[in-house]
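# Structural overview
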Amino acid sequence: MSDFISLSSLNIPSLLPMAILVFGALFIICIDLAVKNLNRSFYTILSVLFIVLDLGVLIGYNGASRGFFDTVLVDGIAILSQCIILIASAFFIPLSLSNRHFKEYEMAEYYALFLFMIVGFQFMVSSDNLIVIFIGLETASLSLYTLIALHNRAKAFEAAIKYFTMGALAAGFFALSSLIFYALTGSVEINTIEAVLKEREFQPLSAVLAGTVFMIAALGFKLSVVPSHTWTPDVYEGSSAPLAGYMSIVPKIAGFVVAMRFFEMLIASDIIWLEYILYGLVVITMTLANITALVQEDVKRMLAFSSISHAGFVLSAILIGTTQANAGLFLYWILFMFTNLGAFSMLWIVRHKNNLWDERYQHPFSKFSGMVKLMPTTATIMGVFMFALAGMPPFSVFWGKLYLISAAVNSGFIYLAVIMVVNSAIAVYYYMKLMIYMFLKEPVANTSAVYETNASTTLKVIVGFATVVTLSAVLFVEPILNIVTKFVILSGF
Amino acid sequence: MDHMLSLIIFFPFVAGLLGFLVNKESIRSYGVVIAGIEFLLSIGLWIAFDTANAGYQFVEFSALIPSFGMSYYLGVDGISLFLVVLSTFTVLVSLIALNIDNDVKNLIIAVLFLEMTMVAVFLCLDVILFYAFWELSLVPMLYIIGAWGSANRVYAAIKFFLYTFAGSVLMLVGILYLGYLYFQATGVWSFSLPDWYLVQLPFNVQLWLFGAFFLAFAIKVPMFPFHTWLPYAHGQAPTIGSVILAAVLLKMGSYGFVRFSLPLFPDATVYFVYPIAIIAVIMVIYAAMVAYAQEDMKQVIAYSSISHMGIVVLGTFALNAEGITGSIFLMLSHGIVSGALFMLVGVIYDRRHTKLMSEFGGLATVMPNFATVYGIMLMASVGLPLTIGFVGEFLSLAGFYRVDWLVTMLAGSGIILGAVYMLSLYKKSFFGVVTKEENRTLKDLNAKELFALVPMVALVIALGVYPKPVLDTIDISVKKMIVLMEAKAIHVETKAFLINANSIGEVQ
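Residues numbered from 1 in each chain as written. Chains lettered and ligands numbered in written order. Predicted model: local features only at pLDDT ≥ 70, side-chain atom pairs only at ≥ 80, totals over all residues. Heavy atoms only, no water.

General note: in soluble globular proteins, nonpolar side chains tend to be found buried as a group. With 414 residues, the main nonpolar core has Phe263(A), Phe330(A), Met386(A), Trp399(A), Phe160(B), Phe161(B) and Tyr374(B) as its most contacted residues. By residue number, the principal contributor to this core is helix α14 (residues 323-349) of chain A, which donates 19 residues. Look past the residues within four positions of Phe161(B) in its chain and what remains in contact with it is Phe387(A), Met392(A), Val428(A), Met432(A), Leu138(B), Val139(B) and Leu142(B). (Core = buried A, V, L, I, M, F, W, Y, C linked by side-chain atoms within 4.5 Å. Buried < 20%, exposed > 50% of the residue type's maximum accessible area, 1.4 Å probe, protein only. Helix = DSSP H or I, 4+ residues; strand = E, 2+ residues; numbered from the N terminus. Contact = heavy atoms within 4.5 Å.)

Here it is as structure tokens:
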């Protein structure tokens, strides 16, 4: 080790994916200063192009590389999850090009914040340094709070504040957990922590337990794992549909990657209570969210609970911990991403200026009554998304479920597998509720116009794309699986 | 014809998609034409089918998710051939007789999608693919019952859907576990049924897996005590829904027993023969008694379905060539007969908007043709010799007689009970004097209805008199399966049971 830090040892290219978007965000702010009143379409497409550029750079990586004082780790799962984050972002940002105008989309800050948020998530997934992860988490979260509040509705402020206060608590937990592990091992690098703890055979156990519990609370908040899920329905309801959909995908995959890195280290310890804790979390999250979703009256809230339940389902991959399970996690999430993109975009399309159907809710089930008679195609597409989310074969999410359940069965978690399928059976009911309203009830509206006020060509194209992917998922499973498995094995999970 | 089976599966699907473009006025003819072409395709399959070959024919194989062992694997043998023909036939006649006017376009498209799933369930040899179509078949049926049914339709549709969906999720775990066992045994992932047939499983594993599959099939059949969804679904479903449900969807369950439970888990099957036989006897007798107590004509036929499916299950678990062949033949005959009976109930319901037997009486004088067709179907349902119902019922019972004469006697009483409730139905509705004024002016069968019903009557008699071509084709595949079961069995008792069930007896 020389006293000098050579530039090449920093491995600047490992930072390139984040750097591009940081540059993009700053560029958007600067251009806003220079040219006033640029149209939202300009910013939207510009952001998408930066993301595409970033994706192009990212795909060029292969194999693990460290950089920036070893704090940045671009390994297989980092590349994989960044790809998911970027692709999801590239589809969710253009949802701003809706037919109706919303104030936040006219502001350049919205796009800049959006890009900063992506950068935060990218840092979160491509590091095994608890402090860098923390910084990434906070960057992303603070941007996200602001984005929610920009929606400029009373409910949106409420959602942002609620998310912020809960998020602050979670951030505190994360810091506390990092602190405990630092105190135990003198390092904030997950792999060093692992090495030191192993050497000491995970003693003192109570301190490890405390650190783990704080970490679970912090990550559980991001992943909306029961019992730290309570913010989810309210925040989803308050934010615009694109952001709600985004929140159901991107922060969670980032959280999963961190959880994967973190728990992989602890699971290696063979500490039995850890498995119990995770087992309990998985089962409670799946089941409780499913049962609560049954009684929801608003489709968006139902989807919020459904996304909690999906998160619980996928969390089982971390509990199982085999390569197949970890690959299954990514496969599931990729397929889930397209389906949820479709479902939330549909909610965005049918959004009406006023709450015509219910004083309290924007999307009560009754809103969709008899939709098939007014707009058969729209209703059918929505139905496809619902059945896909329910895990109905042969639509997208089914294949993810299949693979994960198979992973559970293969590693001897038969009871877990049974709980998983029983939950799928429960979940069918609430997805079907929307189907029943759409297909089996009489229409409440006289004209389809009330459902189309926000529909634009861009939105229709995005929904169409999501539909095609959802319908023909079986054809993509093999290539996705190959890539995902390759990257997961590459990073040693 | 390399892709005959794909063609049969996906033709109605493509036609259904394109159906969205067809004008509302012409959609009914469109539906009938498509169903007709599909039926001709399946007849073509039958003609091209080599009846001397017991194995799978027209096999199509291409890998779908090779790293997970899932493939697009189709094939047809004697067991599934006629169920495919039955499906296409049922859809054709029920579309001909269709008389629903509201949203008929959506209905016909839903029926075409349903046809795809039904045919695919019988033709898929990849288990995951089978499961996918098995679950998918619920969706169009949910829509058909829920949108065109009578007053309590939504409840009935949900009950039908949730019951059957929940029942089959455990099967998914079973499938995945079996796939894993296959992987352990061979080092290769495969979900294709012919591959699975080659694996011998330990007895306790067989028990668990048999249970997981059994629940799914038992709910579909439906076996006592999982039958409660069926009367609801039939009671609320529109005629076309009831016809397809009774004629084809229930057969998926009994087909599942023959295709999966028996050859995959021979030891567990033999282990469970008596419990299942007792359930089957309960189905036969209990459902017959309940049928007798009904006042609604459609409920009588719905419960009679359960009763007859009891004999199908009994025949299947006789585990000999007569029993299984007979039970498959009974599936076909029950499909035709119960389909026709539900259609006939639909005919009278359309005219009188009631299905209560007390509202009728003396219909034979007002509607002679209707009464004649009804009478023939009724006799076939009871199992009168020289009708189609007799052949299957006789063979199934004869098959189980080798296993246990007492159980067979009890189940045989179902035929007598069947005669009791069916004839009392006939007496109450058709004989005597016309008591209700509004019944005097009822119109007899119209051309459309005759066109749908006459082929069914012809089949009932033709196959009742000469069932040999059908039986022979089924028999050869069934015998192959029984040989496989015996070869696979790991317990000596199982082999002994199978030999005993398949031989006439030793010379003393």
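A few words now on the packing of helix α21 (residues 468-488) of chain B against helix α22 (residues 492-501) of chain B. All names here are of chain B. Running from amino to carboxyl end, α21 crosses α22 at an angle of 155°, the nearest separation of the two axes being 8 Å. Accordingly, the angle class assigned to the pair α21 and α22 is roughly antiparallel. For α21 against α22, the interelement crossing comes out left-handed. The segment α21 lies against α22, with Met485, Glu486 and Ala487 engaging Lys495, Leu498 and Ile499. For the contact of α21 with α22, the per-class residue count stands at 4 nonpolar, no polar and 2 charged. (Axes fitted to C-alpha atoms, helices over the stretch in contact; angles between N-to-C directions. Parallel < 35°, antiparallel > 145°, perpendicular 65-115°, else oblique. Left-handed = near helix turned anticlockwise from the far one by under 90°. Nonpolar A, V, L, I, M, F, W, Y, C, P; charged D, E, K, R; others polar.)

Residue and element names in this part refer to chain A. Where helix α5 (residues 108-125) meets helix α6 (residues 130-150), the closest approach of the two axes is 7 Å, and the angle between their N-to-C directions is 155°. Taken as axis vectors, α5 and α6 run roughly antiparallel relative to one another. Here α5 and α6 pass one another in a crossing that is left-handed. Across from Tyr110, Leu113, Phe114, Phe116, Met117, Gly120, Phe121, Phe123 and Met124 in α5, the residues of α6 making contact are Val132, Ile133, Gly136, Leu137, Thr139, Ala140, Ser143, Leu144, Thr146, Leu147 and Leu150. Class assignment for the residues of the contact of α5 with α6 results in 15 nonpolar, 5 polar and no charged.

Right, let's get into helix α10 (residues 231-238) of chain A. With 8 of 8 residues buried, α10(A) lies mostly within the body of the structure. Next to the buried residues of α10(A) lie α6, α7 (154-185), α9 (205-223), α11 (241-267), α13 (299-320) and α14 of chain A.

Residues and elements named next belong to chain B. Of all 7 residues making up strand β2 (residues 70-76), 7 are buried, and the element is well covered by its neighbours. Burial of β2 is two-sided: the residues Met70, Tyr72, Leu74 and Val76 facing one way and the residues Ser71, Tyr73 and Gly75 facing the other way are all buried. Bridge count between strand β1 (residues 57-65) and β2: 6 bridges; the pairing is antiparallel. Note on β2: the bridge partner recorded for Ala63 is Ser71. Taking the residues between adjacent antiparallel strands as the criterion, β1 and β2 are bridged by 4 residues, where Gly69 takes a positive phi near 75°. (Pairing = 2+ DSSP bridges.)

Counted according to the given criterion, the structure contains 79 aromatic pairs over all chains. Centroid distance Tyr110(A) to Phe114(A): 6.0 Å. Interplanar angle 50°. Geometry classified as tilted. Here Phe114(A) and Tyr110(A) lie together in helix α5, a separation of 4 residues that amounts to about one turn. Owing to a relative accessible area of 4%, Tyr110(A) belongs among the buried residues under this scheme. By relative accessible area, Phe114(A) is classed as buried at 2%. Ring plane angle 75° and centroid distance 5.6 Å describe the contact between Phe370(B) and Tyr374(B), whose orientation is recorded as edge-to-face. Here Tyr374(B) and Phe370(B) lie together in helix α17 (residues 368-382), a separation of 4 residues that amounts to about one turn. Classification of Phe370(B) by relative accessible area gives buried; the value is 0%. Under the relative-accessibility criterion, Tyr374(B) is labelled buried at 0%. Over the ring of Phe487(A) we find Lys486(A); its NZ or CZ atom is 5.2 Å from the centre of that ring. (Phe/Tyr/Trp six-rings, centres within 6.5 Å; stacked < 30°, edge-to-face > 60°. Lys NZ or Arg CZ within 6 Å of the ring centre and 35° of its normal.)

This part covers helix α15 (residues 321-352) of chain B. Residue and element names in this part refer to chain B. Taking 1.5 Å of rise per residue, the 32 residues of α15 would be expected to cover 46 Å, and the 46 Å separating its terminal C-alpha atoms lies within 8% of that figure. Burial of α15 is extensive: 28 of the 32 residues sit out of reach of the surface. Positive phi shows up at His353, right after α15, with a value of about 55°. (Expected span 1.5 Å × (residues − 1).)

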